[in-house]
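Report on the structure
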Amino acid sequence: WEGGHTEACCLNKMGDVCAAGLGNLFSRAFEELGGKVVKEEFEQGNADFAANIATAKKNGCDVFFAPVSTEAAALIIDQADAQKIGMPLLAADTWDSNVILGAAKGTDLEIVVTTFYQEGGDETFDKGVKAWIEGDSTNLANNGGNSEIAAVTAMGYDAYFLALEALKAAGSTDPAKVQEVLSGVTYEGVCGKIVFGENGDAVRDMAVVKKCNTTDGVWKFVSNQYVK
């Protein structure tokens, strides 16, 4: 099938509902395209992923999907590089972080993520946020020592202004009244239009695909991927 990848390793943390959900969706889609999935799990607090990486290599996997936390991701990157994993590392927006860029810089790894914002998506937003980060040493340190904008920053920005719209719609700061109107609130943010579905989830039909430039330690835009 497209891309030539036929077998994937999907690594999740036990008890992590978000990661498990992403892992299940990926596995189902991969298998529907004709691929095979090797499923691996690890416990909270685990710092050794050598066995998981070895299992992926032993089973002939050609992609390694790990929608895990930033802390675990940095360790996976280090160990995947040490073991010469030889396959792309795929992940979701939790990997869209300066921590990941720092861990990956100088390696030979191929890291691709799906996320919700890439610098250049809104020049006014980019300029303002970068000025705020660079204008304070604490902000700069908290952002990993540079002004790269992670998607979580853009999403947090949109969430703040969405909340303001909900307060306006409710005409109150009473949490119960805000909750009543929240599902009907829409907002055009820097990450796109935000609309809520019947289960209270944000309805999105597009994700940003980015690849890590391991030489410079920055994200490179690949494409916008739309749901058919």
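Structural notes, computed from the coordinates. (Residues numbered from 1 in each chain as written. Predicted model: local features only at pLDDT ≥ 70, side-chain atom pairs only at ≥ 80, totals over all residues. Heavy atoms only, no water.)

Let's talk about a nonpolar patch on the surface
Keep this limit in mind: Residues enter patches when they are more than 30% accessible in relative terms and free of salt bridges; like-charged ones are connected within 9 Å and nonpolar ones (Val, Leu, Ile, Met, Phe, Trp, Tyr) within 5 Å. The method behind every accessible area is Shrake-Rupley, applied with a 1.4 Å probe, and residues are considered shielded solely by the protein chains displayed. Each reported salt bridge corresponds to a side-chain nitrogen of Lys or Arg within 4 Å of a carboxyl oxygen of Asp or Glu. Note on conventions: DSSP H or I runs of at least 4 residues are helices, E runs of at least 2 residues are strands, and numbering of each starts at the N terminus.
Together, Tyr160, Leu164 and Leu167 make up a nonpolar patch on the protein surface, roughly 260 Å² of accessible area in all. Position of Leu167 relative to the elements: it lies in helix α7 (residues 151-170).

Things to note about the nonpolar core
The tendency in soluble globular proteins is for nonpolar side chains to be buried as a group. We apply this condition: The criterion is simple. A nonpolar core is a set of buried Ala, Val, Leu, Ile, Met, Phe, Trp, Tyr and Cys residues joined through side-chain atoms within 4.5 Å. Categorising residues by exposure relies on relative accessible area from a 1.4 Å probe, with only protein chains included: less than 20% of the type maximum marks a residue as buried, more than 50% marks it as exposed, and the intermediate range marks it as partly exposed. Whether two residues are in contact is decided by their heavy atoms: any pair within 4.5 Å suffices.
Ranked by internal contacts, the top residues of the largest apolar core, which has 31 residues, are Phe64, Ile77, Leu89, Trp95 and Ile111. Secondary-structure elements contributing two or more residues to this core are β1 (7-13), β2 (36-42), α2 (50-58), α3 (70-82), β4 (89-91), α4 (98-104) and β5 (111-115). The element contributing the most residues to this core is α3, with six residues. In contact with Ile111, not counting residues within four places along its chain, are Ile77, Leu89, Trp95, Ala104, Lys210, Lys211, Cys212 and Trp219. Listed in part, the 10 residues of the second largest apolar core include Phe30, Val37, Phe65 and Val209.

Comments concerning the packing of aromatic side chains
The condition that has to hold: Within 6.5 Å between ring centres, the rings of Phe, Tyr and Trp (the latter by its six-membered ring) count as paired, and their orientation is classed by plane angle as stacked under 30 degrees, edge-to-face over 60, tilted in between.
This model, assessed by the stated rule, comprises seven aromatic pairs. Taking 5.5 Å as the distance between ring centres and 85° as the angle between the ring planes, the aromatic pair formed by Tyr117 and Phe125 counts as edge-to-face. The class for Phe125 is buried, based on a relative accessible area of 5%. Chaining the aromatic ring pairs together yields one cluster made of Tyr117, Phe125, Tyr157, Tyr160 and Phe161.

Description of the pattern of salt bridges
Applying the stated criterion across every chain yields a total of four salt bridges. Across the salt bridge formed by Lys210 and Asp96, the nearest N and O atoms sit 3.1 Å from each other. Of this pair, Lys210 sits in strand β8 (residues 206-213) while Asp96 sits in the loop between β4 and α4, and the two are 114 residues apart along the sequence. The class of Lys210 is buried, set by a relative accessible area of 0%. When its relative accessible area of 2% is taken as the criterion, Asp96 is described as buried. The residue Lys130 makes a salt bridge to Glu119 at a minimum N-O spacing of 3.2 Å. Pair noted here: Lys130 is in helix α5 (residues 123-134) and Glu119 is in the loop between β5 and α5, with a separation of 11 residues, a long-range link. By relative accessible area, Glu119 is classed as partly exposed at 25%.

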